[in-house]
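# Close look at the chain arrangement
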Amino acid sequence: MIATERANSILNTLLRAGSATAGDGATELPKYLGFSSTEPTLNGSGVITNFTEPAASTGYRRIKMNAEHSSALDPAEKSAIKNSTYNLAFPVPNKGQQYGSAKAIGFFDTESGGTPYFTAMLTAEQTLGLKTTLVIYKNDFSTTLTATETASA
């Protein structure tokens, strides 16, 4: 069992942009959302792999997750977090380009490069042709934090 307030705190830290104060100032802790044409896997070391994003030459870029960019998740409530205020919309591809497909989304600490630290499969694979991009509409992303425990005496 996990207390709701603690679950909310964990979800907000994991999936919402924020800042941390250390020394003389605050440091921004951005979050970025990307999408993958392949199904991500977790390797033996606990690292998410097989997250294949479209090439930058197509116009693809991760979206910065904050209110300034109209792409923030709402604060967690009742051990759940979702996007009830904003649609999460990726930029359209460059003229004549297409992204292919999207099977999963992933959260990153960086604008480019690196590996996601959290992924979620889309309910259905999305085919993204010319002039088409991925949009996760309001209330279509949500995740809940629960804990299962056992104890032996």
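Position numbers for residues start from 1 in each chain and track the written sequence from start to end. In keeping with the predicted nature of the model, local features appear solely for residues at pLDDT of at least 70, side-chain atom pairs appear and are counted solely at 80 or more, and the whole-chain, interface and lining totals rest on all residues. Note that water and hydrogens are dropped before the side-chain values are worked out from all heavy atoms of the structure.

## Concerning the overall build of the chain
Strands are runs of DSSP state E lasting at least 2 residues, helices are runs of H or I lasting at least 4, and numbering of each runs from the N terminus. A count of helices and strands for the chain gives 1 helix and 12 strands. Helices and strands appear in the chain in the N-to-C order α-β-β-β-β-β-β-β-β-β-β-β-β. Taking the principal axes of the C-alpha coordinates as reference, the chain spans close to 60 × 45 × 30 Å. Accessible area is worked out with a 1.4 Å probe on protein chains only. A residue is then buried under 20% of its type maximum, exposed over 50%, and partly exposed in between. Looking at the chain as a whole, 33% of its 153 residues are labelled buried. Long-range pairs, those at least 24 residues apart, make up 67% of the contacts in the chain between residues at least 6 apart in sequence. Throughout, the Shrake-Rupley method with a 1.4 Å probe supplies accessible areas, and for residues the shown protein chains are the sole cover considered. Split by element, the accessible area of the chain, about 9300 Å² in all, is 49% carbon and sulfur. Contacts between residues were defined by any pair of non-hydrogen atoms, one from each residue, lying within 4.5 Å.

## A closer look at the nonpolar core
Counting 22 residues, the largest nonpolar core has Leu33, Phe35, Leu73, Ile105, Phe107, Leu134 and Phe141 as the members making the most contacts within it. Sorting the residues of this core by element identifies helix 1 (4-15), strand 3 (32-36), strand 9 (100-108) and strand 10 (118-128) as the ones contributing at least two each. Beyond its immediate chain neighbours, meaning those up to four positions away, Leu134 contacts Phe35, Leu88, Ala89, Phe90, Ala102, Ile105, Leu122, Gln126 and Leu128. We define a nonpolar core as any set of buried Ala, Val, Leu, Ile, Met, Phe, Trp, Tyr and Cys residues linked to one another through side-chain atoms lying within 4.5 Å.

## Here we look at the pairing of strand 3
For strand 3, a buried count of 5 out of 5 residues is recorded, marking the element as mostly surrounded by other parts of the structure. On strand 3, burial covers both faces: Tyr32, Gly34 and Ser36 on one face and Leu33 and Phe35 on the other are all buried. Two strands form a pair only when DSSP identifies at least two bridges running between them. As judged from the 2 bridges shared by strand 3 and strand 6 (residues 63-64), these two strands associate in the antiparallel manner. In the sheet register, Leu33 faces strand 6, and the bridge partner there is Ile63. Where strand 3 lies against strand 9, 5 bridges are found, and the strand directions are antiparallel. In the sheet register, Leu33 faces strand 9, and the bridge partner there is Phe107.

## Looking at unusual backbone geometry
One non-glycine residue, Asn50, lies in the positive phi region at around 60°. Counting through the fold element by element, Asn50 comes out in the loop between strand 5 (48-49) and strand 6. Of note, the phi angle at Asn139 is positive, near 70°, even though the residue is not glycine. Tracing the chain through its elements places Asn139 in the loop between strand 11 (135-136) and strand 12 (142-144).

## Structural notes on the pattern of salt bridges
Put simply, a salt bridge is a Lys or Arg side-chain nitrogen that is within 4 Å of an Asp or Glu carboxyl oxygen. Applying the stated rule across the entire model yields 2 salt bridges. The closest approach of N and O atoms between Lys31 and Asp109, which form a salt bridge, is 3.8 Å. Note that Lys31 is positioned in the loop between strand 2 (25-29) and strand 3 and Asp109 in the loop between strand 9 and strand 10, a separation of 78 residues in sequence. Linking Glu53 and Arg62 is a salt bridge whose minimum nitrogen-to-oxygen distance equals 2.7 Å. By relative accessible area, Arg62 is classed as buried at 6%.

## Here we look at the confidence of the model for the chain
In regions of low pLDDT, the predicted coordinates are not meant to be interpreted in detail. The predictor reports its confidence for every residue as pLDDT, a score running from 0 up to 100. With 93% of its residues at a pLDDT of at least 70, the chain reaches an overall mean of 90. Ranking the elements of the chain by mean pLDDT puts strand 1 (residues 18-22) last with 63 and strand 5 first with 97.

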